Amino acid sequence: MNVFFRPPKEDDIDQIMQIENAGFTADEAASRPAMMNRIHTISDSFIVAVNEKDCPIGYVVGPIISKRYLSDDLFESTCPNQLFGGYQSILSLAVAPDYKNCQIGSKLLSALEQQCRLQNRKGITLTCLESLIPYYEKHGYQLEGLSESQHAGVAWYNMVLELDDTPNESQIKEPTFQ
């Protein structure tokens, strides 16, 4: 099966919302207006996987943020991305039910990582449910503890994939003097 990647189009909104609603609970899923705002505002960090007929079968989306971890306000409002640096966040990684177990999610994560490396992003950050921690660890993401997020009233976990060689705060050790 051939999979192609491209930015989203307004015409994709119906398929994207079907995929979003199939992949997330009603409380977790983005609203149609929020998703349309993401299409208009951050199409440069919104990758859609399409089949041979150019029909969306999955996507990954999130804004570029300056902080290491997501905050709940990101799910409500979207601002334009900075061109370079920062952290690529993932608000949604979702695949159409008919394409589960076809590695579409893995391919989307790989495409996003390649794009982020070209844009000199510090890393990719996301929150996920506990059941998804092994999936992201398999893709190189590190578990960094329980998130402060209250989104949808469930427990979320911070996961980060480092993309640069600059040590983060948790990797810097205070010097010891004797």
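None of the values given here were measured: they were computed from a predicted structure.

Trainee: Is there a simple way to explain the nonpolar core in this structure?
Mentor: One broad trend across soluble globular proteins is that nonpolar side chains are buried collectively. Ile-90, Ile-124, Tyr-136 and Tyr-141 are the most contacted members of the largest nonpolar core, which has 24 residues in total. Listing elements by their share of this core, those giving two or more residues are strand S2 (46-50), strand S3 (56-61), strand S6 (92-95), helix H3 (104-118), strand S7 (123-128), helix H4 (133-138) and strand S9 (157-162). Considering each element in turn, this core owes the most residues, six residues, to H3. Not counting residues up to four positions away in its chain, the partners in contact with Ile-90 are Val-60, Val-61, Gly-62, Leu-70, Leu-109, Leu-112, Ile-124, Thr-125, Leu-126 and Tyr-141. Membership of the second largest hydrophobic core comes to 18 residues, among which are Ile-13, Ala-30, Met-35 and Tyr-59.

Trainee: Would you explain the side chain of Arg-121 in this entry?
Mentor: Structurally, the position occupied by Arg-121 is in the loop between H3 and S7. Of the buried charged residues, Arg-121 lacks a salt bridge, with Asp-44 as the closest side chain of opposite charge at 5.3 Å. A distance of 3.3 Å separates a polar atom in the side chain of Arg-121 from the backbone oxygen of Leu-83. Reaching out from Arg-121, the side chain makes a polar contact with the backbone oxygen of Gly-85 at a distance of 2.6 Å. Setting aside residues up to four positions removed in sequence, Arg-121 forms contacts with Ile-64, Gln-82, Leu-83, Phe-84, Gly-85, Gly-86, Cys-116, Leu-163 and Asp-164.

Trainee: So what exactly am I meant to see when it comes to the packing of aromatic side chains here?
Mentor: How two aromatic rings sit relative to each other is given by the distance of their centres and the angle of their planes. Applying the stated rule across the entire model yields three aromatic pairs. With a centroid separation of 5.2 Å and an interplanar angle of 85°, the aromatic rings of Tyr-135 and Tyr-136 are classed as edge-to-face. Tyr-136 sits in the buried class, given a relative accessible area of 7%. An angle of 75° between the planes, with centres 5.6 Å apart, marks the rings of Tyr-136 and Tyr-141 as edge-to-face. By the ring-pair criterion, three or more aromatic residues cluster together here, those being Tyr-135, Tyr-136 and Tyr-141.

Trainee: How should the confidence of the model for the protein chain be read in this particular structure?
Mentor: For the protein chain, the average pLDDT comes to 91, and 92% of its residues sit at 70 or higher. pLDDT under 50 marks residues 166-178. Its contacts with residues more than four places away, or in other chains, come to four contacts.

Trainee: What am I meant to see in H3 here?
Mentor: Since there are 3.6 residues in each turn of an α-helix, residues three or four apart along the chain are aligned in direction. For H3, spanning 15 residues, the distance from its first C-alpha to its last is 21 Å, which sits close to the expected 21 Å at 1.5 Å a residue. Ile-104, Gly-105, Ser-106, Leu-108, Leu-109, Ala-111, Leu-112 and Cys-116 are the residues of H3 that are buried.

Trainee: Sorry if this is basic, but what is going on with the environment of Ala-96 here?
Mentor: Mapping Ala-96 onto the fold places it in the loop between S6 and H3. Setting aside chain neighbours within four positions, we find Ala-96 in contact with Ile-19 and Ile-57.

Trainee: What should I look at first to understand the pattern of salt bridges in this one?
Mentor: A side chain of one charge can pair with a side chain of the opposite charge if their charged atoms are brought near each other. The final tally for this structure, using the stated rule, is seven salt bridges. Between Asp-54 and Lys-9 there is a salt bridge, and its shortest N-O distance comes to 3.0 Å. Residue Asp-54 is located in the loop between S2 and S3, and its partner Lys-9 is located in the loop between strand S1 (4-6) and helix H1 (13-23); the two are separated by 45 residues in the primary sequence. On the accessibility criterion, Asp-54 (33% relative accessible area) is partly exposed. Within the structure, one salt-bridge network assembled from shared partners comprises Arg-6, Lys-9, Asp-12 and Asp-54.

Parameters at a glance
Residues numbered from 1 in each chain as written. Predicted model: local features only at pLDDT ≥ 70, side-chain atom pairs only at ≥ 80, totals over all residues. Heavy atoms only, no water. Core = buried A, V, L, I, M, F, W, Y, C linked by side-chain atoms within 4.5 Å. Buried < 20%, exposed > 50% of the residue type's maximum accessible area, 1.4 Å probe, protein only. Helix = DSSP H or I, 4+ residues; strand = E, 2+ residues; numbered from the N terminus. Contact = heavy atoms within 4.5 Å. Lys, Arg positive; Asp, Glu negative; His and termini not counted. Salt bridge = Lys/Arg side-chain N within 4 Å of Asp/Glu carboxyl O. Polar contact = N/O pair within 3.5 Å; in protein donor to acceptor, adjacent residues only side chain to side chain. Phe/Tyr/Trp six-rings, centres within 6.5 Å; stacked < 30°, edge-to-face > 60°. pLDDT = per-residue confidence, 0-100. Expected span 1.5 Å × (residues − 1).

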